[in-house]
Every structure is written in structure tokens, then in C-alpha cells.
Amino acid sequence: MAKYSEKYKLMYKIMHETENPENKFISISGIRNNDLNSYGSKLIIPSEIDGIPVKRIAPSAFAKNPSIVEVEIMEGTTFIDTSAFEAMNKLEKITFPKTLRVIGPDAFYNCLRLK
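Residues numbered from 1 in each chain as written. Predicted model: local features only at pLDDT ≥ 70, side-chain atom pairs only at ≥ 80, totals over all residues. Heavy atoms only, no water.

**Some points on the side chain of Thr77**
Quick note on the threshold: Secondary structure follows DSSP: runs of H or I at least 4 residues long count as helices, runs of E at least 2 residues long count as strands, and numbering of each begins at the N terminus. With a 1.4 Å probe rolled over the protein chains alone, any residue whose accessible area is under 20% of its type maximum counts as buried; one over 50% counts as exposed, and the rest are partly exposed. Any two residues whose heavy atoms approach within 4.5 Å at even a single point are treated as in contact.
Along the polypeptide, Thr77 turns up in the loop between strand E7 (70-73) and strand E8 (79-80). On the accessibility criterion, Thr77 (0% relative accessible area) is buried. Excluding anything up to four places from it in sequence, Thr77 contacts Ile45, Val54, Lys55, Arg56, Ile57, Pro97, Thr99 and Leu100.

Set out below in C-alpha cells:
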């Protein structure tokens, strides 16, 4: 079941590592529709939510978002899933963390302004 962070205005799921099920991490799944207008043009993916590390951005999490121009992903995220930022027409800039290991297929497909 998806949870919501009031502080970051992000939807997320708590996941468990396959190798060590006692270790939890967060997968960011997107923004609520009613937060789109109030979110602004910069998206920040935090390093943790409620003490649990953010490690993943889920498939299509922010696809087709009409307002985000810049994304900053804080240290800790290791995986950006398939089509996570697909067709974000206004996206111009993204800052990746050093911890990033995988960018899935079409993660930035059709982000024509991305430099």
C-alpha cells in the first residue's frame, strides 16, 4: 500500500531487500494529483523518509508531469526504474547522486528539454 510524506509531498512504498528482508528501503512512486500545482518546478528526492533510506524511484513515478523543470536526487538513491521521468516536457536539469547504480530503460524518454 502506498504511503504519503506530508513533508516532501511524495507518494512512496516501503520495500524489503531481497537478500536481507529485515532491511527496509523506500521506493518513491510519485506525486499526488492534487499536489501537482502546489509542488513547484523543482523536485527533490530526499535521502530518507521517516528514518528509512530512499533507494529507488518506481516505474513511471513522475512520467508526464507537466510542471517540474529540475530534479535533484539526494545521496542514497541507487535505482531509477523504467520510464520514471518519461515525457516530462519541461524537465531541463537533473542532479544525480554518486550512489546511483542503475538507470532503467526509457527513464528519460521524450524529455526533449533535458540537457
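Having put the structure on the table, let's press on.
**Focus: the pattern of salt bridges**
The criterion, for reference: A pair is scored as a salt bridge if a Lys or Arg side-chain nitrogen falls within 4 Å of a carboxyl oxygen belonging to Asp or Glu.
For the structure shown, the criterion picks out six salt bridges. Where Glu70 meets Lys42, a salt bridge forms, and the shortest distance between an N and an O atom there is 3.8 Å. One end of the pair, Glu70, is in strand E7; the other, Lys42, is in strand E4 (residues 42-45), with 28 residues separating them in the sequence. Judged by its relative accessible area of 22%, Glu70 falls in the partly exposed class. We note a salt bridge from Asp81 to Arg56, for which the minimum N-O separation is 2.6 Å. Of this pair, Asp81 sits in the loop between E8 and strand E9 (93-95) while Arg56 sits in strand E6 (residues 52-57); the two residues are 25 residues apart in sequence, bridging distant segments of the chain. With relative accessibility at 10%, the residue Asp81 sits in the buried group. Each member of the salt-bridge network shares a partner with another, and the members are Lys42, Glu70, Glu72 and Lys93.

These results come straight from atomic positions and should not be treated as a statement about function.
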